[in-house]
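# Observations on chain architecture
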Amino acid sequence: MGLLSEILLLPLAPVRGSIWVLDQVVADAERQYYDPSAIQAQLAALEKELEAGDIDEETFDRREDELLDRLEGARTRQTGTTGQTGT
């Protein structure tokens with residue numbers, strides 16, 4: 001039955017391949033988005049922008065909060081916990 005199902009599903013091979021590629025792209029994008037070193041570099045760049053006067057304090061606070069949330073999410077993903085306490 002395995003060979004028969006493979007023959008019948010052969011026309012769907014390009015679709016299955018495309019889905020696999022999209023899954024790989026999403027996984028890589030998530031790895032880059034939640035990379036702690038990249039987030040810390042963005043925080044440092046953000047602080048330099050504030051010191052240079054390129055952004056105001058309100059913008060700095062908003063973007064810093066977003067980056068710190070991402071950093072917390074990255075650490076949660078690395079440890080595999082949800083941040084909830086056990087019952």
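Structure: above.
Residues numbered from 1 in each chain as written. Predicted model: local features only at pLDDT ≥ 70, side-chain atom pairs only at ≥ 80, totals over all residues. Heavy atoms only, no water.

### Focus: the overall build of the protein chain
Stated precisely, the cut-off is as follows: Each helix is a run of H or I in the DSSP string that is no shorter than four residues. Each strand is a run of E no shorter than two, and both are numbered from the N terminus. Between the two quantities, the radius of gyration covers C-alpha atoms and the globule rule is 2.2 Å times the number of residues to the power 0.38. Buried residues are those whose accessible area, probed at 1.4 Å on protein chains only, stays under 20% of the maximum for their type, while exposed residues exceed 50% and partly exposed ones sit between those limits. Where accessible areas are quoted, they stem from the Shrake-Rupley method and a 1.4 Å probe; at the residue level, only the protein chains shown are allowed to cover. Only four residue types enter the tally: Lys and Arg on the positive side, Asp and Glu on the negative side, with His and both chain ends excluded. In plain terms, the charge of a residue is placed at NZ if it is Lys, CZ if Arg, CG if Asp and CD if Glu.
Counting its regular elements, the protein chain contains four helices and zero strands. Starting at the N terminus, the α and β elements of the protein chain follow one another as α-α-α-α. Over its C-alpha trace the protein chain gives a radius of gyration of 21 Å, far above what one expects of a compact globule, namely 12 Å for 87 residues. Put simply, the protein chain has 87 residues, and 11% of those count as buried. For the protein chain, the exposed area adds up to about 7,000 Å²; of that, 57% sits on carbon and sulfur atoms. Across the protein chain, the centroid of the 8 positively charged side chains sits 8 Å from that of the 18 negatively charged ones.

### Thoughts on the packing of helix H3 (residues 36-52) against helix H4 (residues 57-79)
Using the following cut-off: An axis is simply a line fitted to the C-alpha atoms; with a helix, the fit covers only the stretch in contact. Between two such axes, the angle follows the N-to-C directions and lies from 0 to 180 degrees. By definition in this entry, angles of less than 35 degrees are roughly parallel, angles greater than 145 are roughly antiparallel, angles of 65 to 115 are roughly perpendicular, and the rest are oblique. Whether two residues touch is decided by their heavy atoms; if any such pair falls within 4.5 Å, the residues are in contact. Gly is placed with the polar residues, together with every amino acid not listed as nonpolar (Ala, Val, Leu, Ile, Met, Phe, Trp, Tyr, Cys and Pro) or charged (Asp, Glu, Lys and Arg).
It is at 10 Å that the axes of H3 and H4 come closest, and there the two elements cross at 170°. In terms of axis orientation, H3 runs roughly antiparallel to H4. Each of Pro36, Ile39, Gln40, Gln42, Leu43, Leu46, Glu47, Glu49 and Leu50 in H3 lies in contact with H4, whose residues at this interface are Glu57, Phe60, Arg63, Glu64, Leu67, Leu68, Arg70, Leu71, Ala74, Arg75 and Gln78. Looking at the contact of H3 with H4 residue by residue, the class counts come to ten nonpolar, three polar and seven charged.

### Describing the packing of aromatic side chains
What counts, and what does not: Stacked, tilted and edge-to-face are the three classes assigned to paired rings of Phe, Tyr and Trp, where Trp is represented by its six-membered ring and a pair needs centres within 6.5 Å; plane angles under 30 degrees give stacked, over 60 edge-to-face, the rest tilted. Two conditions define a charge located above a ring, namely a distance within 6 Å from the ring centre to NZ of Lys or CZ of Arg, and an angle within 35 degrees of the ring normal.
Applying the stated criterion to the full structure yields one aromatic pair. Here the basic side chain of Arg70 rests over the ring of Tyr33, its NZ or CZ set 4.0 Å away from the ring centre.

### Things to note about a negative patch on the surface
For clarity, the threshold we go by: Patch criteria: residues need more than 30% relative accessible area and no salt bridge. Like-charged residues are merged within 9 Å; nonpolar side chains of Val, Leu, Ile, Met, Phe, Trp and Tyr are merged within 5 Å. Salt bridges, as used here, are contacts in which a Lys or Arg side-chain nitrogen is within 4 Å of a carboxyl oxygen on Asp or Glu.
Side chains of Asp56, Glu57, Glu58, Asp61, Asp65, Asp69 and Glu72 sit close together on the surface and give a patch of like negative charge. Residue classification places Glu72 among the exposed residues on the basis of a relative accessible area of 54%.

### Brief notes about the pattern of salt bridges
The full count for this structure, using the stated rule, is four salt bridges. Close ionic contact of Glu49 with Arg63 constitutes a salt bridge, the shortest N to O distance being 3.4 Å. Here the residue Glu49 occupies a position in helix H3, and Arg63 occupies one in helix H4, the gap between them amounting to 14 residues. The partly exposed category is assigned to Glu49, whose relative accessible area is 26%.

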